[in-house]
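Chains, contacts and geometry: an overview
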Amino acid sequence: MTTYSAPAKINLSLKVQGKREDGYHNVDILMAKLDLADELSFHNSRTTTLLCDTPGVPTDESNLVIKAVREFEKAYGRKAKQKITLNKKVPFGAGLGGGSADAAVTLLAVNEIIGTQYTHEELHAMAAAIGSDVPFFLNPVISRCTGRGEIVTPVEELAGWSSPIVLIKPQFGVSTPSAYRGLNGAHRMKGVNYGAQTVDGIRLVNELERAVFTKFPALGLWKMWMLRQDGVRAALMSGSGSTLFALTETHEQARALAEAARAELDPTIWTYCGTVNPQ
Ligand code: C5P
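Throughout what follows, the structure given in this document is the object of discussion. (Residues numbered from 1 in each chain as written. Predicted model: local features only at pLDDT ≥ 70, side-chain atom pairs only at ≥ 80, totals over all residues. Heavy atoms only, no water.)

Some thoughts on the pattern of salt bridges
Going by this rule: Salt bridge, as applied in this entry: a Lys or Arg side-chain nitrogen positioned within 4 Å of an Asp or Glu carboxyl oxygen. Each residue gets one of three labels from its accessible area relative to the maximum for its type: buried under 20%, exposed over 50%, partly exposed in between, using a 1.4 Å probe on protein chains only. The secondary structure listing takes helices from DSSP runs of H or I that are at least 4 residues long and strands from runs of E that are at least 2 residues long, numbered from the N terminus.
Using the criterion set out here, one finds eleven salt bridges in the structure. The salt bridge partner of glutamate 61 is arginine 70, with a shortest N-O separation of 2.8 Å. Judged by relative accessible area, arginine 70 falls into the partly exposed class, the value being 27%. A salt bridge links glutamate 73 to arginine 70; the nearest nitrogen and oxygen atoms lie 3.0 Å apart. Of the two residues, glutamate 73 and arginine 70 are both situated in helix α1 (residues 64–76); the distance of three residues between them amounts to about one turn of the helix. Relative accessible area serves as the criterion here: at 8%, glutamate 73 is assigned to the buried category. Connected through salt bridges with shared partners, the residues Asp38, Lys88 and Asp102 form a single ionic network.

This is the structure in structure tokens:
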């Protein structure tokens, strides 16, 4: 058995640059990993199966882990035959890239276990066929992602940057296609700041907030609540939501914010305190 870790991401910045003919949007994203990760273990087996005991996670062909195995098999021309166990720590429908991270790690793992020695470029092509965010997770160093998100360029000058972070997520999730679809007809909620915030020279902005907050106004209010808490340097939504994050000055302030969110906003909120771009 071999076990792999699949770290989640946040979008420090997400700008939408217009709809394309293929239905996707051109984006300009600054993506960084978290010290929050799913775990996947792989055993050789007679057929490929996926086991996951988290309710709501499909284990059939719709799971990105199985899609990754199928994409690998297309290139390999044979069956990969793996029994895969997924220990989910990253919530889904959260804008944290959990499913994409699992898919990328599956490609890396199967390539290593079977010994196919596909290059980064070959794995990148398989990853991009699975989803726009998957290529980033093949080497999740802080990167700028353009095109539909699949063109990944590491940002060397930010490689050594990191920050305490707190994540808060309501029980509901947001589907990525619905967030992009909502861009038409989205409005600005009164009293919500959508503008860029600057931390250590990084401009943080998420242009999907307008669409998602129009549908889920509580998230707009929660963002503004986060910005009022002690030690918060910036707060915004990650990806297409529903997770909001705040960069804080200290880990202690991140923990205090998580506790206050459950006490003052909603006792059922999922929270995580850790580090963005851990070294
Ligand atoms: O690439 P992925 O399968 O993750 O995308 C899911 C959906 O999100 C797409 O079908 C599209 O509706 C939307 N999307 C988009 N522009 C992007 C990425 C995703 O419109 N750059």
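Overview of the layout of surface pockets
In plain terms, the rule: For cavity detection a 1 Å grid was placed over the protein atoms alone, and a set of points counts as a cavity when a 1.4 Å probe fits there but cannot get out; an open set counts as a pocket when protein lies on both sides within 12 Å along at least five of seven lines, with lining residues being those that have an atom within 4 Å of a point. Grid points are joined across faces, edges and corners, and a volume is the space filled by probe spheres set on the points. Nonpolar residues are Ala, Val, Leu, Ile, Met, Phe, Trp, Tyr, Cys and Pro. Charged residues are Asp, Glu, Lys and Arg, and all others, Gly as well, are polar.
Each pocket or cavity is described by its volume, and for the largest pocket that value is around 1200 Å³. Around the largest pocket, the lining is made up of 48 residues, and of these Ser100, Asp133, Thr176, Pro177 and Ser240 lie nearest the centre. Counting residues per element, the ones that place at least two in the lining of the largest pocket are β1 (2–19), β2 (25–44), α2 (98–114) and α4 (176–181). Broken down by element, the lining of the largest pocket gets its largest block of residues, six residues, from β1. Class assignment for the residues of the lining of the largest pocket results in 19 nonpolar, 22 polar and seven charged. Within this model, the second largest pocket holds a volume of roughly 200 Å³. Around the second largest pocket, the lining residues are Ser13, Lys15, Asp28, Ile29, Leu30, Arg144, Val155, Leu158, Gly201, Ile202 and Arg203. Mapped onto the lining of the second largest pocket, the elements with two or more residues apiece are β1, β2 and β9 (202–204). Examining the composition of the lining of the second largest pocket, we find that three residues originate from one element, β2, more than from any other. Among the residues making up the lining of the second largest pocket, the classes are represented as five nonpolar, two polar and four charged.

Quick word on the pairing of strand β4 (residues 82–87)
The condition that has to hold: Two strands pair under a simple rule: DSSP has to find at least two bridges between them. Consider the strands pointing away from the viewer: the crossover is right-handed when the path from the first strand over the helix to the second runs clockwise.
The two faces of β4 differ: Gln82, Ile84 and Leu86 on one face are buried, but Lys83, Thr85 and Asn87 on the other face are not. Summarising the sheet, β2 and β4 pair through six bridges and their orientation is antiparallel. Bridge pairing in β4 links glutamate 39 to asparagine 87. One ladder, built from three bridges, connects strand β3 (residues 49–51) with β4; its direction is parallel. Residue pairing for β4: threonine 49 is matched across the bridge by lysine 83. You can see the chain leave β3, run along α1 and come back into β4, and the turn it takes is left-handed.

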